[in-house]
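Residues per chain are reported as follows:
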Amino acid sequence: MKAAVLHNYDSDLRKKELLVYEDIDSPPEPGIGEVIVKIKAAGVCRTDLHIITGRDLGIPLAKLPFVLGHENAGEVYSIGEGVNNFIKGDKVLCYPFLTSGISTEERYGIDSHTLNRKTPGINVNGGFCELTKFSERSLIKVDQKASLTELAPLGDAGITAYGAVRKLMGFIRPQDRVLVIGIGGVGHLGIQLLLRLTPGEIIAVDPREEARNLANSLGITECYESLDQLDHFKALNGNGFRAVLDFFGESDIPNQAVGLLNNQGRYLAIGTGGEVRVSTAELVAREISIIGSFVGNFTDLVEVTNLTVRGDLISKVSTYPLNEVNRVLHDLRDGKILGRAVLVPN
Ligand SMILES: [Zn+2]
């Protein structure tokens, strides 16, 4: 089968061929409880770029070479022994963690923090190919008429946005302001979930005009080009933000963002690459919280899927054939993708 394979890291993402589009062996017959999915759509995430740079993401990666792609949707191609809930041809959306369900964390539904979890596209072969192995437990059956290209990004972008917004439900009050940094593949879903699930006023920042226009079209009226334009929100006087969702997380943005929090505010890091530096004196005196937010739970995926299928969450995607993966990765690197790019096997 055809696949886009990572053979070598490239720390500055300058190589023309970041992934090699080539023939590899199809996965072996599915074992007990396993399902082979014929991939119809695979979202391209900024994490894919981070993986290609070889930088430390704080999570274990597969040994090279391997197939990227952790936002997958497709059709059931074959099922292993003991699989009862799916038949060949079912349309499915893939939860990114393959787990047994037995550990304490999994019993609480927190598969994202199970130590022995397998994540296609991260520590085992993913969905930038034609056939990928999942477990029955990791799949959501969707309507045969559902758009798999719109649903695929929910497998990471959707639940990451939801997982972050969930941490603020009940915390944001009607007169509070919430700042969203980055209106990209995850952020454009985050602003919509904030609008639907929290009562505050939402303000968004993105340097790209087309991303701000997208936010406007999704109901965010106040958008800025950079954090430097937010000085009029004087955080220490209580006119700042109850929460900041940082979908970017790089360079000095996190520190600037923490400075915009009201006392008792919460900074949520969702994007990665930068650092937060805050003195314990400030942490104590202002009672601010610095919170990391990593992906989400299976039930989060069910919820964002339902919201999307009924039209309450718009998953903005552009589709590309799988063999154009390198063009997509370069466009993502250069900030040229609006919403999410989704690869479709040729
Ligand atoms: Zn991702």
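Residues numbered from 1 in each chain as written. Predicted model: local features only at pLDDT ≥ 70, side-chain atom pairs only at ≥ 80, totals over all residues.

This part covers the overall build of the protein. Broken down by element type, the protein carries 10 helices and 16 strands. What you see for the protein is a C-alpha radius of gyration of 20 Å, in line with the 20 Å of a compact globule of 346 residues. Counting only C-alpha atoms, the protein reaches 60 × 45 × 40 Å along its principal axes. Within the protein, the proportion of its 346 residues that are buried is 48%. (Helix = DSSP H or I, 4+ residues; strand = E, 2+ residues; numbered from the N terminus. Rg over C-alpha atoms; globule rule 2.2 N^0.38 Å. Buried ≥ 20, exposed ≤ 12 C-beta atoms within 10 Å, placed from the backbone.)

This next bit is on the nonpolar core. In globular proteins that are soluble, nonpolar side chains generally tend to be buried together. Grouped together as the largest cluster of nonpolar side chains are 95 residues, with contacts concentrated most on F128, L179, V180, I181, A204 and V244. Looking at which element gives the most residues to this core, the answer is strand β3 (residues 34-44), with 7 residues. In contact with F128, not counting residues within four places along its chain, are A3, A4, L19, A42, V67, L68, G69, L322, V325 and L343. (Core = buried A, V, L, I, M, F, W, Y, C linked by C-beta atoms within 7 Å. Contact = placed C-beta atoms within 7 Å.)

Here helix α10 (residues 325-333) has its buried residues at V325, V328, L329 and L332. Angularly, the buried residues of α10 cover 100° about the axis, an arc narrow enough to put them on a single face. For α10, the secondary structure elements touched by its buried residues are β1 (2-6), β2 (20-23), β3, α1 (46-53), β15 (317-321) and β16 (340-344). After α10 finishes, the residue G335 shows a positive phi value of roughly 75°. (Arc of directions from axis to C-beta.)

Burial analysis of helix α4 (residues 157-166) places 9 of its 10 residues in the buried class, the great majority of the element. Looking at α4, one finds that the buried residues are A157, G158, I159, T160, A161, Y162, G163, A164 and V165.

On to the sheet that holds strand β4 (residues 66-67). Judged by pairing direction, the sheet is antiparallel, and its 3 strands sit side by side in the order β2-β1-β4 without closing on themselves. Edge strands, defined here as strands with exactly one partner in the open sheet, are β2 and β4. (Pairing = 2+ DSSP bridges.)

Another aspect to go through is the domain arrangement of the protein. Split by domain assignment, the protein resolves into domain 1 (2-156 + 296-344) and domain 2 (160-292). Between the C-alpha centres of domain 1 and domain 2 there is a distance of 27 Å. With 17 residues of domain 1 in contact, the opposing surface of domain 2 contributes 15 residues. Top element by residues in the side of domain 1 that touches domain 2 is helix α9 (residues 298-309). It accounts for 3 residues. A per-class count over the side of domain 1 that touches domain 2 returns 7 nonpolar, 4 polar and 6 charged. (Domains from an automatic or database assignment. Nonpolar A, V, L, I, M, F, W, Y, C, P; charged D, E, K, R; others polar.)

Turning our eyes to something else, we now look at the pairing of strand β6 (residues 91-94). Of the two faces of β6, the one holding K91 and L93 and the one holding V92 and C94 are both buried throughout. Relative to β6, strand β5 (residues 71-79) runs antiparallel, the two sharing 3 bridges. Following the sheet pairing, A73 is matched in β6 by L93. Relative to strand β8 (residues 139-142), β6 runs antiparallel, the two being bridged by 4 bridges. Residue pairing across strands places L93 opposite I140, the latter belonging to β8.

Relative orientation of the contacting elements α1 and α10 amounts to 100°, with a least axis distance of 10 Å. The pairing of α1 with α10 is recorded here as roughly perpendicular in orientation. Within the contact between the two elements, α1 uses R46, D48 and L49 and α10 uses L329, L332 and R333. Residues that form the contact of α1 with α10 fall into these classes: 3 nonpolar, no polar and 3 charged. (Axes fitted to C-alpha atoms, helices over the stretch in contact; angles between N-to-C directions. Parallel < 35°, antiparallel > 145°, perpendicular 65-115°, else oblique.)

Once that is clear, we can look at the environment of I288. Structurally, I288 is set in the loop between α8 (280-286) and β14 (289-292). Residue I288 is classed as partly exposed on the basis of its C-beta count, with 18 C-beta atoms lying within 10 Å. As a C-alpha pair, I288 and L261 span 27 residues in sequence and 7.6 Å in three-dimensional space. Dropping the residues within four chain positions of it, I288 is found in contact with V258, L261, Q264, G265, Y267 and L283.

A few words now on the environment of I314. Inspection of the secondary structure puts I314 in the loop between α9 and β15. Among the residues examined, I314 registers 17 C-beta atoms within 10 Å and is labelled partly exposed. In contact with I314, not counting residues within four places along its chain, are Q192 and L218.

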